[in-house]
Amino acid sequence: MYITEVISHQHDEQRRMFAMLEEWPRDDHEGLAAIWTRLAILLETHAEAEEKYFYPELLRLGTGGADAESVEEEVEDAVKDHNEIRAAVRKVARCRTGSSAWWTAVTDANVHNSDHMGEEERQDLADFRQQASLELRHEVAVQFLRYESLKAATGVAPVDKDPKHYVSARKGAPTSATAKRAARAAKKATKAAAPARKAASKKASPSASQD
């Protein structure tokens, strides 16, 4: 279970739910409202979890993935995208479910979110895969999913972030608790595996000396 896989999986779920809305009976306003509520909660808990747990580690380790100019630029852009998605979600909430204005707002949210996911998959996730250890990827996934699970029923209050302030406040921060836990887990696993590797080496050495 790695954070890059978790984020990719949730992106697919967001795409699936937008597609579900498009195929839903247009006169079932209660059903449309229920699906949208689930999707809106997923969009915000996903964004907030990224800002709490994924982007800080990306800023600490990343170098800029694919066509990003730098890790700072890719994270600033991602936070700006989250603000635009939040604005679109707020616009949906101001419209009567099933109305033309509601569908226009839902489409705007889909466009903003689709653009964001494509860029994040191309830049942020690729950057993290190349720079972060498997242990850290797992540890971030645990923190990310724990937060989402605690908030899944009611959601979280959307809070816009200033992209530049977000990055400057986290860039150059000391090693996070998440990274420290991952490092301890990796060290423990290496220490536990050492006797087995030593025994295997001794077992293989006689035959090796005969060659």
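Cut-offs and rules
Residues numbered from 1 in each chain as written. Predicted model: local features only at pLDDT ≥ 70, side-chain atom pairs only at ≥ 80, totals over all residues. Heavy atoms only, no water. Core = buried A, V, L, I, M, F, W, Y, C linked by side-chain atoms within 4.5 Å. Buried < 20%, exposed > 50% of the residue type's maximum accessible area, 1.4 Å probe, protein only. Helix = DSSP H or I, 4+ residues; strand = E, 2+ residues; numbered from the N terminus. Contact = heavy atoms within 4.5 Å. pLDDT = per-residue confidence, 0-100. Salt bridge = Lys/Arg side-chain N within 4 Å of Asp/Glu carboxyl O. Phe/Tyr/Trp six-rings, centres within 6.5 Å; stacked < 30°, edge-to-face > 60°. Lys NZ or Arg CZ within 6 Å of the ring centre and 35° of its normal. Axes fitted to C-alpha atoms, helices over the stretch in contact; angles between N-to-C directions. Parallel < 35°, antiparallel > 145°, perpendicular 65-115°, else oblique. Left-handed = near helix turned anticlockwise from the far one by under 90°.

Any chance you could break down the nonpolar core for me, citing the residues and the numbers?
Of all hydrophobic cores here, the largest spans 25 residues; its most connected members are Ile3, Phe54, Tyr55 and Val75. Mapped onto this core, the elements with two or more residues apiece are α1 (3-23), α2 (29-61), α3 (71-93), α5 (124-131), α6 (134-151), α7 (163-170) and α8 (177-210). Those residues in contact with Phe54 that lie beyond four places of it in its chain are Ile3, Ile7, Ala49, Asp124, Leu125, Phe128 and Val140. Counting 20 residues, the second-largest nonpolar core is a separate cluster that includes Phe18, Leu21, Val92 and Trp102.

I'd like to hear about unusual backbone geometry, residue by residue, with values.
Backbone phi values are negative for most residues with the exception of glycine, while trans is the configuration of most peptide bonds. At Ala66, a position not held by glycine, the phi torsion is positive, near 50 degrees. The topology assignment puts Ala66 in the loop between α2 and α3. You can call Ala66 exposed: its relative accessible area is 58%.

Account for the confidence of the model for the protein, naming residues and giving values.
Chain-level pLDDT for the protein is 90 on average; 89% of the residues reach the 70-or-more range. By mean pLDDT, the top-scoring element of the protein is α1 (98), and the lowest-scoring one is α8 (64).

Got a sec to walk through the pattern of salt bridges? Specific residues and values, please.
What the rule picks out here adds up to 17 salt bridges. Between Glu44 and Arg86 there is a salt bridge, with the nearest N and O atoms lying 2.9 Å from each other. Of this pair, Glu44 sits in helix α2 while Arg86 sits in helix α3, and the two are 42 residues apart along the sequence. Overall, the relative accessible area of 3% leaves Arg86 in the buried class. The partner of Arg122 in a salt bridge is Glu119, with the nearest N and O atoms 3.9 Å apart. You can see Arg122 and its partner Glu119 sitting in helix α4 (residues 100-122), 3 residues apart, about one turn around the helix.

Tell me what's going on with the environment of Ala183, and back it up with residues and numbers.
For Ala183, the position within the fold is in helix α8. In this structure Ala183 comes out as partly exposed when scored by relative accessible area, which is 47%. Along the sequence, Ala183 and Glu139 sit 44 residues apart, while their C-alpha atoms lie 9.8 Å from each other.

Help me get a handle on the packing of aromatic side chains, residues and values and all.
What characterises a pair of aromatic rings is the spacing of the ring centres plus the angle enclosed by the ring planes. Inspection of the entire model under this criterion finds 5 aromatic pairs. Note on Phe54 and Phe128: the rings are 5.1 Å apart at their centroids and 75 degrees apart in plane angle, and the pair reads as edge-to-face. With a gap of 74 residues between them, Phe54 in helix α2 and Phe128 in helix α5 connect regions that are remote in the sequence. The exposure class assigned to Phe128 is buried, which follows from its relative accessible area of 0%. In this structure an aromatic cluster arises from ring pairing among Phe54, Tyr55 and Phe128. Against the face of Trp103 rests Arg26, its NZ or CZ located 3.7 Å from the ring centre. The ring centre of Tyr2 lies 5.9 Å from the NZ or CZ of Arg137, which sits over that ring.

Tell me about the packing of α3 against α7, and please be specific about residues and values.
Across the interface, α3 lies against α7 with an axial gap of 8 Å and an inter-helix angle of 135 degrees. Classified by the interaxial angle, the pair formed by α3 and α7 is oblique. Here α3 and α7 pass one another in a crossing that is right-handed. From α3, Glu72, Val75, Glu76, Val79, Lys80 and Asn83 reach across to α7, where they touch Pro163, Lys164, Tyr166 and Val167.

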